[in-house]
Amino acid sequence: MRRLLAPVPIAVLAVLVALVALLGYGLSENEPDRKVEEALGAGERDPAPPLQLPRLSGVGAETLDQYKGQVVVLNFWASWCEPCRKESPLLQRWHERMEKRKGTVVGVDVQDVTDDARDFISEYALTYPMLRDGEGLTRETFAIIGFPETFVLDRRGRIAAVRRGPVDERFMREQVQPLLKEPA
């Protein structure tokens, strides 16, 4: 009797099993992100996780609670991240617009060299508050999967929008601007 199928080499089978396992892991790791996005799609707003980090300047610390009553664009970035470099001028412009309407951008530098982060801030003349997460603890707290990532918080400290990747003018107009019109 003739064999119709050639035997599958063990190495090919092992690669296929590894790919399926990796896919399953990736889907399970994105579960918190999916829950946030599903809740936002349903019009729900969950409170932002608690956050207390030192200022990048090295003087003192801040918490998200300090910004209650303000619209906050919470941007997680790193100096080595090219898309972070491209979005920084836009974030600075929006910070200047938002200040007049009780809003702010807050940057969180994650797992970066402090001097490189300070050079980045100087290079782009960034004036909004900057916090430092040298150990990357916020990655798990906020289910961050890459850089940059941005969370928009309403005046009550609830997550109103999430952007995985760089923000653009359209995102800011559609997700941030309406929140600035809400009473403080």
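Residues numbered from 1 in each chain as written. Predicted model: local features only at pLDDT ≥ 70, side-chain atom pairs only at ≥ 80, totals over all residues. Heavy atoms only, no water.

Considering the pattern of salt bridges
Note on pairing: side chains with opposite charge can pair once their charged atoms come close. With the rule as written, the count across this model stands at 8 salt bridges. R85 is the partner of E123 in a salt bridge, and the nearest nitrogen-oxygen pair spans 3.2 Å. A residue pair is termed long-range when its members are at least 10 positions apart, and E123 in helix 4 (residues 114-123) and R85 in helix 3 (residues 82-99) qualify at 38 residues. The partly exposed category is assigned to R85, whose relative accessible area is 21%. D109 is the partner of R132 in a salt bridge, and the nearest nitrogen-oxygen pair spans 3.4 Å. Taken together, the residues span a long stretch of sequence, with R132 in strand 5 (residues 130-133) and D109 in strand 4 (residues 103-110) at a distance of 23 residues. Summarising the burial analysis for this pair, R132 and D109 share the class buried. (Salt bridge = Lys/Arg side-chain N within 4 Å of Asp/Glu carboxyl O. Helix = DSSP H or I, 4+ residues; strand = E, 2+ residues; numbered from the N terminus. Buried < 20%, exposed > 50% of the residue type's maximum accessible area, 1.4 Å probe, protein only.)

Quick notes on the packing of helix 3 against helix 6 (residues 169-181)
A pair of packed helices is characterised by two quantities: the angle between their axes and the separation of those axes. Relative orientation of the contacting elements helix 3 and helix 6 amounts to 20°, with a least axis distance of 12 Å. When the axes of helix 3 and helix 6 are compared, the pair comes out roughly parallel. Of the two elements, helix 3 crosses helix 6, and the hand of that crossing is right-handed. Residue-level inspection shows L90, L91, R93, W94, R97 and M98 of helix 3 in contact with helix 6, the latter providing E169, M172, R173, V176, Q177 and L180. Along the lines of polarity and charge, the residues of the contact of helix 3 with helix 6 split into 7 nonpolar, 1 polar and 4 charged. (Axes fitted to C-alpha atoms, helices over the stretch in contact; angles between N-to-C directions. Parallel < 35°, antiparallel > 145°, perpendicular 65-115°, else oblique. Left-handed = near helix turned anticlockwise from the far one by under 90°. Contact = heavy atoms within 4.5 Å. Nonpolar A, V, L, I, M, F, W, Y, C, P; charged D, E, K, R; others polar.)

Describing the sheet that holds strand 7 (residues 159-164)
Reading across the sheet, the 5 strands line up as 5-4-3-6-7 and stay open at both edges, with mixed pairing between neighbours. The open sheet is flanked by strand 5 and strand 7, the only strands paired with a single partner. The average undirected angle you get between the axes of adjacent strands in this sheet is 20°. The sheet contacts of helix 4 involve strand 3 (71-77), strand 4 and strand 5, and relative to strand 3 the element is tilted by about 130°. Those strands touched by helix 6 are strand 3, strand 4, strand 6 (149-153) and strand 7, and its axis lies near 165° from that of strand 7. (Pairing = 2+ DSSP bridges.)

Observations concerning the packing of aromatic side chains
Inspection of every chain in the model, using the stated rule, returns 6 aromatic pairs. Seen in terms of ring centroids, F76 and F151 are 5.8 Å apart; in terms of plane orientation they differ by 85°. Their pairing is edge-to-face. One end of the pair, F76, is in strand 3; the other, F151, is in strand 6, and 75 residues separate them in sequence. A residue is classified by how much of its surface remains accessible, and F151, at 2% relative accessible area, is buried. For the pair F142 and F151, a centre-to-centre distance of 5.1 Å together with 65° between the ring planes defines the contact as edge-to-face. As far as the burial class goes, F142 and F151 line up, both buried. Note that R97 overlies the ring of W94, its terminal NZ or CZ placed 4.6 Å from the centroid. (Phe/Tyr/Trp six-rings, centres within 6.5 Å; stacked < 30°, edge-to-face > 60°. Lys NZ or Arg CZ within 6 Å of the ring centre and 35° of its normal.)

Re the nonpolar core
Counting residues in hydrophobic clusters, the biggest one holds 46 residues, and the most contacted among them are L74, F76, F151, M172 and V176. Mapped by element, the contributors of at least two residues to this core are strand 3, helix 3, strand 4, helix 4, strand 5, strand 6, strand 7 and helix 6. Aside from chain neighbours lying at most four places away, what touches V176 is V71, V73, W94, M98, V152 and F171. (Core = buried A, V, L, I, M, F, W, Y, C linked by side-chain atoms within 4.5 Å.)

A short note on the confidence of the model for the protein chain
In regions of low pLDDT, the predicted coordinates are not meant to be interpreted in detail. Summing up the model confidence of the protein chain, the mean pLDDT is 84 and the portion of residues at 70 or higher is 76%. Put simply, helix 2 (residues 31-41) is where the protein chain has its lowest mean pLDDT, 46, and strand 3 is where it has its highest, 98. (pLDDT = per-residue confidence, 0-100.)

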